[in-house]
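Take a look at the letters that make up each chain.
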Amino acid sequence: MEKGPKGLRVLLTGGNRGIGFEACRQLVLSPAVGSLFFTARSEEKAQRALEVFSKEKPESIALGHFILEQDDEKSVDALLNRLKEERIAIDVVIVNAGVMFKGNAVNAKILDITMRTNLKGPVRLVEGLLSAEMPLRRVVLVSSGLGRPSKIKNAALQERARLLLQKENDTAVLWSTVAEYESDMMSPSKSGLWPTSIYSISKLLLTAYSNIKSRTEKGGVLWVPCCPGLCQTDLVGQRKVERSAEQGGRTLCHAATAEDVEAKKGWFLEKEEWVQID
């Protein structure tokens, strides 16, 4: 993969805690990386993470941060403007930040925040980087194995989801599906057709976006949807799970820097294994 003058210039969202934090710790030690920029939701959170990364990184690695509310269009646009104004080029973007509400409650607020954070914000950021004539070579979108068509019980919707992931579609089909889903979830007669987890559908749609772009985008950008697995982070609370945040970070780091990713176009990196979505 083509690199900047001193290695890859990487931008990772949600780098101040959890899997994103651990991915940053590994990226600053990667010989493939020359610069790392991460985002956090506040300056205080960013500074705490920056203190750790600064102590662990080699002197040759450039390190920077930005404030980003991924569900806020103005915040996304402000980040894109700063990159442009400061002439910061990005080779690899890792869209890691996301949200998952506890429980299966469904209301307009939860639906809106989840879809803006997990799908619409990431797409706005990536499309902005593409249109800014960045030397972007790789887009890593952190999705989830929960966003599988097999998780949808309704047979007709399951088949539609499978075709959305696998068929030659364009983004118009994706956004039409998004609009229909959001409408259905607010309809008492139709919401039961979909899984109760808004998070899982938002991630399925994010994977679909990645697959569509990998087929239609010109310019040699490599699209890598990935799932680090269920890891020990704030997301799971006190519940004990099999994988550590460090292991999850390893998945992101591999997706962003490994050369063998070149041969896996259109696949889904789940933990350390390349799979096709069922």
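Residues numbered from 1 in each chain as written. Predicted model: local features only at pLDDT ≥ 70, side-chain atom pairs only at ≥ 80, totals over all residues. Heavy atoms only, no water.

Undergrad: I'd like a description of the pairing of strand S6 (residues 222–227), backed by residues and values.
TA: Within S6, 6 of the 6 residues are buried, which leaves it mostly tucked inside the rest of the structure. Covered by surrounding structure in S6 are Leu-222, Val-224 and Cys-226 together with Trp-223, Pro-225 and Cys-227, the residues of both alternating faces. As judged from the 5 bridges shared by strand S5 (residues 138–142) and S6, these two strands associate in the parallel manner. In the sheet register, Val-140 faces S6, and the bridge partner there is Val-224. (Buried < 20%, exposed > 50% of the residue type's maximum accessible area, 1.4 Å probe, protein only. Helix = DSSP H or I, 4+ residues; strand = E, 2+ residues; numbered from the N terminus. Pairing = 2+ DSSP bridges.)

Undergrad: Summarise the sheet that holds strand S2 (residues 33–40); cite the residues concerned and give the values.
TA: Strand order in the open sheet formed by 8 strands is S3-S2-S1-S4-S5-S6-S9-S10, and the pairing between neighbours is mixed. Here the strands that pair on one side only, and so sit at the sheet edges, are strand S3 (62–67) and strand S10 (273–275). Strand-to-strand twist of the sheet, defined as the mean angle between neighbouring strand axes without regard to direction, takes the value 20 degrees. The pairing of strand S1 (residues 8–12) with strand S4 (residues 92–95) spans 3 bridges and is parallel. (Axes fitted to C-alpha atoms, helices over the stretch in contact; angles between N-to-C directions.)

Undergrad: Can you lay out the packing of helix H1 (residues 18–27) against helix H2 (residues 43–56) for me, pointing to particular residues and giving the numbers?
TA: At a closest axis distance of 9 Å, the pairing of H1 and H2 adopts a crossing angle of 25 degrees. Comparing their axes, H2 and H1 come out roughly parallel. Crossing of H1 over H2 shows right-handed handedness. The residues of H2 that touch H1, namely those facing Phe-21, Cys-24 and Arg-25, are Ala-49, Val-52, Phe-53 and Glu-56. Looking at the contact of H1 with H2 residue by residue, the class counts come to 5 nonpolar, no polar and 2 charged. (Parallel < 35°, antiparallel > 145°, perpendicular 65-115°, else oblique. Left-handed = near helix turned anticlockwise from the far one by under 90°. Contact = heavy atoms within 4.5 Å. Nonpolar A, V, L, I, M, F, W, Y, C, P; charged D, E, K, R; others polar.)

Undergrad: Kindly report on the side chain of Thr-177, identifying the contributing residues and their values.
TA: Relative to the helices and strands, Thr-177 is located in helix H6 (residues 171–185). There is a polar contact of 2.9 Å between the side chain of Thr-177 and the backbone oxygen of Val-173. Excluding its chain neighbours within four sequence positions, the residues that come into contact with Thr-177 are Arg-160, Leu-164 and Leu-205. (Polar contact = N/O pair within 3.5 Å; in protein donor to acceptor, adjacent residues only side chain to side chain.)

Undergrad: Before we move on, could you go through the environment of Lys-102 and cite the residues and values that matter?
TA: Counting through the fold element by element, Lys-102 comes out in the loop between S4 and helix H4 (108–131). Of the residues examined, Lys-102 reaches a relative accessible area of 73% and is grouped as exposed. Taking C-alpha positions, Lys-102 is 9.9 Å from Tyr-199, a pair spaced 97 residues apart along the chain.

Undergrad: Tell me about the pattern of salt bridges, residues and numbers included.
TA: Once their charged atoms are close, side chains differing in charge can pair, the charge on each being opposite to the other. Per the counting criterion, the structure on display carries 18 salt bridges. Glu-51 is paired through a salt bridge with Lys-55; the nearest N and O atoms lie 3.6 Å apart. Pair noted here: Glu-51 and Lys-55 are both in helix H2, with a separation of 4 residues, about one helical turn. The partly exposed category is assigned to Glu-51, whose relative accessible area is 47%. Between Asp-77 and Arg-124 there is a salt bridge, with its nearest N and O atoms 2.9 Å apart. You can see Asp-77 sitting in helix H3 (residues 73–85) and its partner Arg-124 sitting in helix H4, a full 47 residues away along the chain. Because the salt bridges share partners, they merge into one network encompassing Glu-22, Arg-25 and Glu-56. (Salt bridge = Lys/Arg side-chain N within 4 Å of Asp/Glu carboxyl O.)

Undergrad: Explain H2 residue by residue, including any values.
TA: The end-to-end C-alpha separation of H2 is 20 Å, in line with the 20 Å expected for 14 residues at 1.5 Å each. Among all positions in H2, only Ala-46, Ala-49, Leu-50 and Phe-53 are buried. Those residues of H2 that are buried are in contact with H1, S2 and S3. (Expected span 1.5 Å × (residues − 1).)

Undergrad: Just give me the short version of H1, but keep the residues and values in it.
TA: Counting buried residues along H1, 8 of its 10 residues qualify, which places the element largely inside the surrounding structure. Turning to H1, its buried residues are Ile-19, Gly-20, Phe-21, Glu-22, Ala-23, Cys-24, Gln-26 and Leu-27.

Undergrad: So what's going on with unusual backbone geometry? Residues and values would help.
TA: If you check the backbone angles, Glu-133 has positive phi at about 60 degrees while not being a glycine. Inspection of the secondary structure assignment puts Glu-133 in the loop between H4 and S5. When its relative accessible area of 74% is taken as the criterion, Glu-133 is described as exposed. With a phi angle near 60 degrees, Lys-271 is a residue other than glycine that sits in the positive phi range. Tracing the sequence through the fold places Lys-271 in the loop between strand S9 (268–270) and S10.

Undergrad: Let's hear about the confidence of the model for the protein: which residues, and what values?
TA: Mean pLDDT for the protein: 90, with 95% of residues reaching 70 or above. The element-level mean pLDDT for the protein is lowest in strand S7 (residues 231–232), coming to 72, with S4 highest at 98. Under a pLDDT of 50 for its full length, residues 1–5 has, in the predicted model, 14 contacts with residues more than four places off or in other chains. (pLDDT = per-residue confidence, 0-100.)

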